[in-house]
Amino acid sequence: MQRGRTLFWTIIGSVVAVVAVAIALILVNSGTPPKAASSPVSSISASAGSPSGKPAPVVIPKTSSTSPFSYLADLTPSGNLAELVNPGPVKIDGSIYPKSILFYCNVGDPTAFPAYKLEHNARRFQATIGLEAKFPPHFEAGVILVGDEHALRTFTVSALRPKTVDINVTGVHTLQLECFGSGQSSTAGWAISVAWGNARVVERH
C-alpha cells in the first residue's frame, strides 16, 4: 500500500515537472512579456506621428523693464471701418503670434485702414507681417505704414515671404496701417487679409 502511494506521488511530481518545463519553454519562445513588448511600438508610433502632430511654435516678444510695449490688439483703432479689425492669435509662416490683429486689404472695395494714437513716449513699432497660409503663394499684398500722414515704410508680403519690421516712431502721434491686395476683389471670391503678428508699440520708460 505504501509502495502504491509512493508511486502515485512520483507520477504526479513528474507530471508537474513536465508542465513546468513546458510553460518555461513557451515563455522563452514568446520573447519579452506583453507589457514590455508593447512599449517600443508605442514609442515608434509617437515618433512617426510627431512631424504632422507637432504643435506650431508660439512667438512671444521678450519683455524689458526699460522698454515696455503695448500690443495693438489691446488698443482701439480709429479710422474708417476700424471695427473690421480683428484682434487675436494669427499663424504666419508656421508660427503662432498670440497678440495680433488681422484685417482685409483694399482690392477695390472699401476696407479698414486702422489708425492708432501713440503715446508721447512711443519709440518703435515692431511686428511680423504676412498673409495667412490659406492664400495661394503667388498672392501678395502691398503694405504702407503711415505716421502723421507721411509714409514711414512701404513693402510687399506674401504667404511665403512675411516681413519683420522694427520702425522708429519717435515723435509720431498717429500710426495708420494700410494694405493693398494684388488678388481679385471680394465680389470675385478673393479678399486678401494681412496678419500683423504681435504688432506692438515699444515705449521709452
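Preceding this section is the structure that the text describes.
Source: prediction; values computed, not measured.

## With respect to the sheet that holds strand β6 (residues 140-147)
Taking strand neighbours across the sheet as the criterion, the four strands line up as β4-β9-β6-β7 in an open arrangement whose pairing is antiparallel. The open sheet has two free edges, formed respectively by β4 (115-117) and β7 (150-158), since each of these has just one partner strand. Averaged over all pairs of adjacent strands, the angle between strand axes in this sheet comes to 15 degrees, irrespective of strand direction. As judged from the eight bridges shared by β6 and β7, these two strands associate in the antiparallel manner. For V146, the partnering residue across the bridge sits in β7 and is A151.

## Let's talk about unusual backbone geometry
Of note, D93 is a non-glycine position whose phi angle comes to about 50 degrees, a positive value. Note on placement: D93 falls in the loop between β2 (86-92) and β3 (95-104). The phi torsion at E149 lies on the positive side, around 70 degrees, for a residue other than glycine. Tracing the backbone through its elements, the reader meets E149 in the loop between β6 and β7.

## A word on the packing of aromatic side chains
Inspection of the entire model under this criterion finds three aromatic pairs. Centre to centre, the rings of F69 and Y71 are 5.2 Å apart; their planes meet at 80 degrees, and the pair counts as edge-to-face. Between F113 and F180, the aromatic rings sit 5.4 Å apart at their centres with planes inclined by 65 degrees, giving edge-to-face as the arrangement. Linking F113 in the loop between β3 and β4 with F180 in strand β9 (residues 174-181), this pair joins segments that are 67 residues apart in sequence.

## A short note on the pattern of salt bridges
All chains considered together, the criterion is met by three salt bridges. A salt bridge links D74 to K99; the shortest N-O distance between them is 2.7 Å. Taken together, the residues D74 in the loop between β1 (69-71) and β2 and K99 in strand β3 connect sequence positions 25 residues apart. Put simply, D166 and R124 hold a salt bridge, and the shortest N to O gap is 3.0 Å. You can see D166 sitting in strand β8 (residues 163-168) and its partner R124 sitting in strand β5 (residues 122-131), a full 42 residues away along the chain. Look at R124 and you get partly exposed, because its relative accessible area is 22%.

## Structural notes on the side chain of T174
Along the polypeptide, T174 turns up in strand β9. Not counting residues within four places of it along the chain, the set of residues in contact with T174 comprises A115, Y116, K117, V146, G147 and D148.

## Here we look at the pairing of β9
Within β9, six of the eight residues are buried, which leaves the element mostly enclosed by the surrounding structure. Taken together, the three bridges between β4 and β9 define a ladder with antiparallel strand orientation. From the neighbouring strand, Y116 faces β9, where its bridge partner is L175.

## Thoughts on the environment of V157
Within the secondary structure, V157 is located in strand β7. With 16 residues separating them in the primary sequence, V157 and A141 have C-alpha atoms 5.5 Å apart. Discounting chain neighbours no more than four positions away, the residues touching V157 are I129, G130, L131, F139, E140, A141, V143, P162 and K163.

## Here's the deal with the side chain of S193
Topologically, S193 is positioned in strand β10 (residues 193-203). Given a relative accessible area of 1%, S193 falls into the buried group. Dropping the residues within four chain positions of it, S193 is found in contact with L102, F103, Y104, C105, L131, E132 and F135.

Quick notes on the rules
Residues numbered from 1 in each chain as written. Predicted model: local features only at pLDDT ≥ 70, side-chain atom pairs only at ≥ 80, totals over all residues. Heavy atoms only, no water. Pairing = 2+ DSSP bridges. Helix = DSSP H or I, 4+ residues; strand = E, 2+ residues; numbered from the N terminus. Axes fitted to C-alpha atoms, helices over the stretch in contact; angles between N-to-C directions. Phe/Tyr/Trp six-rings, centres within 6.5 Å; stacked < 30°, edge-to-face > 60°. Salt bridge = Lys/Arg side-chain N within 4 Å of Asp/Glu carboxyl O. Buried < 20%, exposed > 50% of the residue type's maximum accessible area, 1.4 Å probe, protein only. Contact = heavy atoms within 4.5 Å.

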